[in-house]
4 protein chains.
Amino acid sequence: MVRFREPAIVVNFKTYLEATGKRAVELAKKAEKVSNETNVYVAVAPQLADLSAVAQAVEIPVFAQHVDPIKPGAYTGHILAESVKKAGASGTLINHSEKQLKLWVIDKLVRIMRENEMVSVVCANNSTISAAVASMKPNVIAVEPPELIGTGIPVSKAQPQVVSGTVKLVREVNKKVTILCGAGISRGEDVAAALKLGTQGVLVASGIVKAKDPYTIMREFAEAMKR
Amino acid sequence: MVRFREPAIVVNFKTYLEATGKRAVELAKKAEKVSNETNVYVAVAPQLADLSAVAQAVEIPVFAQHVDPIKPGAYTGHILAESVKKAGASGTLINHSEKQLKLWVIDKLVRIMRENEMVSVVCANNSTISAAVASMKPNVIAVEPPELIGTGIPVSKAQPQVVSGTVKLVREVNKKVTILCGAGISRGEDVAAALKLGTQGVLVASGIVKAKDPYTIMREFAEAMKR
Amino acid sequence: MVRFREPAIVVNFKTYLEATGKRAVELAKKAEKVSNETNVYVAVAPQLADLSAVAQAVEIPVFAQHVDPIKPGAYTGHILAESVKKAGASGTLINHSEKQLKLWVIDKLVRIMRENEMVSVVCANNSTISAAVASMKPNVIAVEPPELIGTGIPVSKAQPQVVSGTVKLVREVNKKVTILCGAGISRGEDVAAALKLGTQGVLVASGIVKAKDPYTIMREFAEAMKR
Amino acid sequence: MVRFREPAIVVNFKTYLEATGKRAVELAKKAEKVSNETNVYVAVAPQLADLSAVAQAVEIPVFAQHVDPIKPGAYTGHILAESVKKAGASGTLINHSEKQLKLWVIDKLVRIMRENEMVSVVCANNSTISAAVASMKPNVIAVEPPELIGTGIPVSKAQPQVVSGTVKLVREVNKKVTILCGAGISRGEDVAAALKLGTQGVLVASGIVKAKDPYTIMREFAEAMKR
């Protein structure tokens, strides 16, 4: 299993049709190509129904978009960490702004990921919430102001103080956690700005998934990380 | 795609380890064997991460355990009907007592299943709720008293009035919907009792998944349906 | 306690500041005045923190806006039917589109209201959901298309087929339940149109609460009901 | 309005019948008597429907058990901070283990309380969650292991490491926040043990509400705080 590594690009496929079924596999292969060519860590987070097919098709890390805080048992309709891991996932997004969770659930999921030796990427809407998350010691925190998600207005340029404020507050609590930022990231310069503000990478969705040429954009992102 | 047909056995894999990963595929193959040998309709509902592998391995119908009431788009961590269908599902459980839903969500999901030409199996805790569900015109209603689920005490014998009452109330509203019962069903005679009470089959989980020999139990169920 | 009676006007105070604290009591007194002058049944649904003050100030029926499906016990932060009743409520709204509930919860709340001899007013977004609700035998069903709520575009004129369709579907299942409609009702003629479509009254919020002169509007509503 | 003060006893009435309606007022008066006699800060958190009556009857601080993260507007069935404040509350419990909230909601509620100059008492299940909460800068954190709530087994004696661990982790993040502990606290010696472990008081429910003589127990608690 590929270890999480900085700097990182995590591509969230959401439930976009452009990244569903066969198109999920195709997009993941493009991400893998970029990773191979640039040696930058690129992970993909497809929908659960596509996860095993994606994981079989590529060697880059594959994350789930959500897992439920359960043990094996009578939990119809829930998402079991063990199941997701067997299908090939090496981590999961947690608490994305489109799937926000109770505080106890986040704590529990970080523990479950740790027990299963999987990567926990906890999303947070602002710097205060990021600092709160930092106490739970996930592997990765991704700060994303919900109002910028999907807009193409990059958080790293439109709200640099949110990003730098997050880095500051998180580091007071946790020196080790990887910090990503997301929302509106759609060009290499947005990625470069994110790194300059003290993050170790980006969480991105529509900027890649909805792009006419996702490969080129991902490549641009990766190049911006190497500088 | 295999059409829903009465009488029916629907096997819910829940999040049992006995039905996760490779073991999900193995269990589905046993269900397929029973279906082929007896010509009884048997469907399986594996976890989402196992769904595509199961659907590729067998020709019997495969259902999701849950779907979210969304359209394609920015819904991280949600379950999209189109995604589940592409992965090979021909229907989904809705509102299982372990994943109960808001009323509007059930209505929406039944419509989404209809638009996607998929089978909607809506679960209900009692006869009143079953009658309410009947107005939404799903393909299948499965009545399951939550207090009997997983107990091995069969609803069809311990609470026959719940089953017959459900059949009566549902039929006042909806002549066509298939009615299943579930909870505690673990022997052929429980299945026979269920049919005698007016249902068209059973929804079953631990009675099969946790059985020492799931094939033999499923076969017993199917035989009870042919009588 | 004033019995529920047709035709009826139910005024939902929501969490509007115009109907919070002392202003809740003032608005309830205006509703009482209209009820006394016209002999039309008018009930008010203030916020919970205002409920006892409102119930002490007026003799018209006072409803809660929501109750939780619990028994007395260890349920911090929940709303207990017994508590609401002791504070003076004679009923509650259930499943308002701004507080939508799980199907089992609606069933449970209708039963809890019945056991406590309180009035259950279950809201529904469309005619199918209204028919589903009818099977649970509440005292009142209020159909409200969410997209019209707060718009001032009256459901009874903009979507008459939703109202008449609801009446038709509900009556197939339940002859006795009172049917209200709501959303956008803001003039007497909207109320008259609602009655002509087969309803027995209206559920109204901003049309009254946000009006410059709530008394005059409520009076107009009541007059429209007497014709 | 009485300012929050250490050490503190916060009595959560939950939805116990013993603390509903008139009995809520009676219990609050006993709490006030203890506070007056001992000069220890005692606050009560009655059900919302009882809040205004309690607040009118006593001069000790009255808290809500829950508030929703909303502004005034169209939020039927929700609990508005302004409404609760007008009814006499000077604060609220947030995220009690029986009413657990999403992370963003807790952050939002702490801000709403601050804007309304009300006291925020955020509950947490364990020391990690307590540390996370500390970053959000509420006025008070109350750590309560859910498995001990209502048992009469005092957290301060059965799980002293949870309490001292919470104090340690919270203080690394936040020097000012008041730390309470709760769960199973039923005797003065439990309170003394809690203070010795570094807390500034207790959150208590059944230990008082269900006691044969709540006054005597509260008095015992207060005396233990003065030593």
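Structure shown above.
Computed from a prediction, not measured in an experiment: that's the story for all the values here.

Peer 1: Explain the overall build of chain A to me, using residue names and the numbers behind them.
Peer 2: Across its full length, chain A carries 10 helices and 8 strands. Dimensions along the principal axes, computed over C-alpha positions, put chain A at roughly 45 × 40 × 30 Å. Here chain A, with 227 residues, has 67% of them falling under the buried criterion. Restricting the contact set of chain A to residue pairs at least 6 apart, pairs at least 24 apart contribute 66%.

Peer 1: Describe the interface of chain D and chain C, listing the residues and the values that go with them.
Peer 2: The interface of chain D with chain C comprises 33 residues on the first partner and 33 residues on the second. Here chain D packs against chain C, burying approximately 2700 Å² in sum over the two surfaces, 59% of which is carbon and sulfur. Among the residues chain D hides against chain C, the three largest losses belong to Thr15(D), Ala49(D) and Thr76(D). Together they make up 25% of the total. There are 0 salt bridges connecting chain D and chain C. On the surface where chain D and chain C come into contact, there are 17 residue pairs in polar contact (both at pLDDT 80 or more). Only α2 (48–57) and α3 (81–86) of chain D provide two or more residues apiece to the side of chain D that touches chain C. Split by residue class, the side of chain D that touches chain C holds 12 nonpolar, 14 polar and 7 charged.

Peer 1: Describe the environment of Glu220(B), listing the residues and the values that go with them.
Peer 2: Residue and element names in this part refer to chain B. Note on placement: Glu-220 falls in helix α10 (residues 214–226). A C-alpha to C-alpha distance of 18 Å links Glu-220 and Phe-13, two positions 207 residues apart in sequence. With near-sequence residues (within four places) excluded, Glu-220 lies in contact with Arg-187 and Gly-188.

Peer 1: Quick rundown of a positive patch on the surface? Include the residues and the values.
Peer 2: There is a patch of like positive charges on the surface, built from Lys102(A), Lys102(B), Lys102(C) and Lys102(D). Here Lys102(B) shows up in the loop between β4 (91–94) and α4 (103–115).

Peer 1: If you had to explain the interface of chain A and chain B to someone new, which residues and values would you point to?
Peer 2: Across the boundary between the two partners, chain A contributes 33 residues, which contact 33 residues of chain B. For the pair chain A and chain B, the two sides together bury roughly 2700 Å², of which 59% comes from carbon and sulfur. Contact with chain B buries area across many residues of chain A, yet Thr15(A), Ala49(A) and Thr76(A) alone supply 25% of it, more than any other trio. Run the count over chain A and chain B and you get 0 salt bridges. Counting across the interface, chain A meets chain B through 17 residue pairs in polar contact (both at pLDDT 80 or more). For the side of chain A that touches chain B, the secondary structure elements donating two or more residues are α2 (48–57) and α3 (81–86) of chain A. Across the side of chain A that touches chain B, the residue classes break down as 12 nonpolar, 14 polar and 7 charged.

Peer 1: Go over the pairing of strand β5 (residues 119–124) of chain A with me, naming the residues and quoting the values.
Peer 2: Residues and elements named next belong to chain A. Buried residues dominate β5, accounting for 6 of its 6 residues. Across the two faces of β5 the burial is the same, with Val-119, Val-121 and Cys-123 and Ser-120, Val-122 and Ala-124 all buried. Here strand β4 (residues 91–94) runs beside β5; their pairing, made up of 4 bridges, is parallel. Among the inter-strand pairings, Leu-93 is bridged to a residue of β5, identified as Val-121.

Peer 1: Please provide a residue-by-residue account of the relation of the copies chain D and chain C, values included.
Peer 2: Placing chain D over chain C gives an RMSD of 0.0 Å and needs a rotation angle of 180 degrees, together with 0.0 Å of translation along the axis. Here the transformation between the copies is reduced to the relation of a two-fold axis. Considering only C-alpha atoms, the residue of chain D closest to the rotation axis is Ala49(D), which sits at 2.8 Å. With an isologous cut-off of 70% or more, the 100% of interface residues of chain D that recur at the interface of chain C puts this contact in the isologous class.

Peer 1: Go over the side chain of His78(B), please, and point to the residues and values.
Peer 2: The residue His78(B) is located in the loop between β3 (63–64) and α3 (81–86) in this model. Among the polar contacts listed, one links the side chain of His78(B) to the backbone oxygen of Thr76(B), at a separation of 3.0 Å. If sequence neighbours within four positions are ignored, His78(B) has contacts with Thr15(A), Glu98(A), Lys99(A), Asp68(B) and Ile70(B).

Peer 1: Quick one: what's the story with the packing of helix α1 (residues 22–38) of chain C against helix α10 (residues 214–226) of chain C, residue by residue and with numbers?
Peer 2: Residue and element names in this part refer to chain C. Contact pair α1 / α10: the axes reach a minimum separation of 9 Å and the direction vectors enclose 30 degrees. On the basis of their axis angle, the class for α1 and α10 is roughly parallel. Crossing hand, α1 versus α10: right-handed. Contact residues: Leu-27, Lys-30, Ala-31, Lys-33, Val-34, Glu-37 and Thr-38 in α1; Pro-214, Tyr-215, Met-218, Arg-219, Ala-222, Glu-223 and Lys-226 in α10. A per-class count over the contact of α1 with α10 returns 7 nonpolar, 1 polar and 6 charged.

Peer 1: How would you summarise the relation of the copies chain A and chain B if you had to cite specific residues and measurements?
Peer 2: Here chain A sits on chain B after a turn of 180 degrees about the axis and a move of 0.0 Å along it, with an RMSD of 0.0 Å. When the interface residues of chain A are mapped onto chain B, 100% of them again lie at the interface, so the same face is used by both copies.

Peer 1: Which residues make up the environment of Pro154(C), and what values go with them?
Peer 2: Residues and elements named next belong to chain C. Among the secondary structure elements, Pro-154 is positioned in the loop between β6 (140–143) and α6 (155–158). Among the residues examined, Pro-154 registers a relative accessible area of 11% and is labelled buried. Pro-154 sits 39 residues away from Ala-193 along the chain, and the two C-alpha atoms are 9.4 Å apart. Apart from residues lying up to four places away in sequence, Pro-154 is in contact with Gln-159, Ala-183, Gly-184, Ile-185 and Asp-190.

Peer 1: Could you give an account of the packing of helix α5 (residues 127–134) of chain D against helix α7 (residues 160–173) of chain D, with specific residues and numbers?
Peer 2: Residues and elements named next belong to chain D. For the pair α5 and α7, interaxial distance at closest approach is 8 Å and the crossing angle is 25 degrees. One finds that α5 runs roughly parallel with respect to α7. Two packed elements cross with a definite hand, and for α5 against α7 that hand is right-handed. Listed contacts from α7 to Ser-127, Thr-128, Ser-130, Ala-131 and Ala-134 of α5 are Val-162, Gly-165, Thr-166, Leu-169, Val-170 and Val-173. Grouping the constituent residues of the contact of α5 with α7 by class yields 6 nonpolar, 5 polar and no charged.

Peer 1: An account of unusual backbone geometry is needed here, citing residue identities and associated values.
Peer 2: Residue Pro7(C) is bonded to the preceding Glu6(C) through a cis peptide linkage, with omega at -15 degrees. At Ala183(B), a residue that is not glycine, the phi angle is positive and equals roughly 100 degrees. Taking the relative accessible area as the measure of exposure, Ala183(B) reaches 5% and is therefore buried. Look at Lys14(C): it is not a glycine, yet its phi comes out positive at around 45 degrees. Relative to the elements of secondary structure, Lys14(C) occurs in the loop between β1 (8–12) and α1. The exposure class of Lys14(C) is buried, given its relative accessible area of 2%.

Peer 1: Residue-level account of the sheet that holds strand β3 (residues 63–64) of chain D, with values.
Peer 2: Residue and element names in this part refer to chain D. On the basis of which strands lie adjacent, the open sheet formed by 8 strands has the order β2-β1-β8-β7-β6-β5-β4-β3 and parallel pairing. Edge positions in the sheet fall to β2 (41–45) and β3, since each has one partner strand and no second. Across 4 bridges, the pairing between strand β5 (residues 119–124) and strand β6 (residues 140–143) is parallel. Residue pairing for β6: Val-122 is matched across the bridge by Ile-141. Lying over the sheet, α5 contacts β5 and β6, oriented at roughly 170 degrees with respect to β6. α7 rests against β6 and β7 (178–182) of the sheet, and its axis sits at about 160 degrees to β7.

Cut-offs used in this document
- Residues numbered from 1 in each chain as written.
- Chains lettered and ligands numbered in written order.
- Predicted model: local features only at pLDDT ≥ 70, side-chain atom pairs only at ≥ 80, totals over all residues.
- Heavy atoms only, no water.
- Helix = DSSP H or I, 4+ residues; strand = E, 2+ residues; numbered from the N terminus.
- Buried < 20%, exposed > 50% of the residue type's maximum accessible area, 1.4 Å probe, protein only.
- Contact = heavy atoms within 4.5 Å.
- Buried area = accessible area lost by both parts, 1.4 Å probe.
- Salt bridge = Lys/Arg side-chain N within 4 Å of Asp/Glu carboxyl O.
- Polar contact = N/O pair within 3.5 Å; in protein donor to acceptor, adjacent residues only side chain to side chain.
- Nonpolar A, V, L, I, M, F, W, Y, C, P; charged D, E, K, R; others polar.
- Patch = residues over 30% accessible without salt bridge, like charges linked within 9 Å, V, L, I, M, F, W, Y side chains within 5 Å.
- Areas by Shrake-Rupley, 256 points an atom, 1.4 Å probe, with all protein chains shown as cover.
- Lys, Arg positive; Asp, Glu negative; His and termini not counted.
- Charge placed at Lys NZ, Arg CZ, Asp CG, Glu CD.
- Pairing = 2+ DSSP bridges.
- Least-squares fit on C-alpha atoms with pLDDT ≥ 70 in both.
- Axes fitted to C-alpha atoms, helices over the stretch in contact; angles between N-to-C directions.
- Parallel < 35°, antiparallel > 145°, perpendicular 65-115°, else oblique.
- Left-handed = near helix turned anticlockwise from the far one by under 90°.

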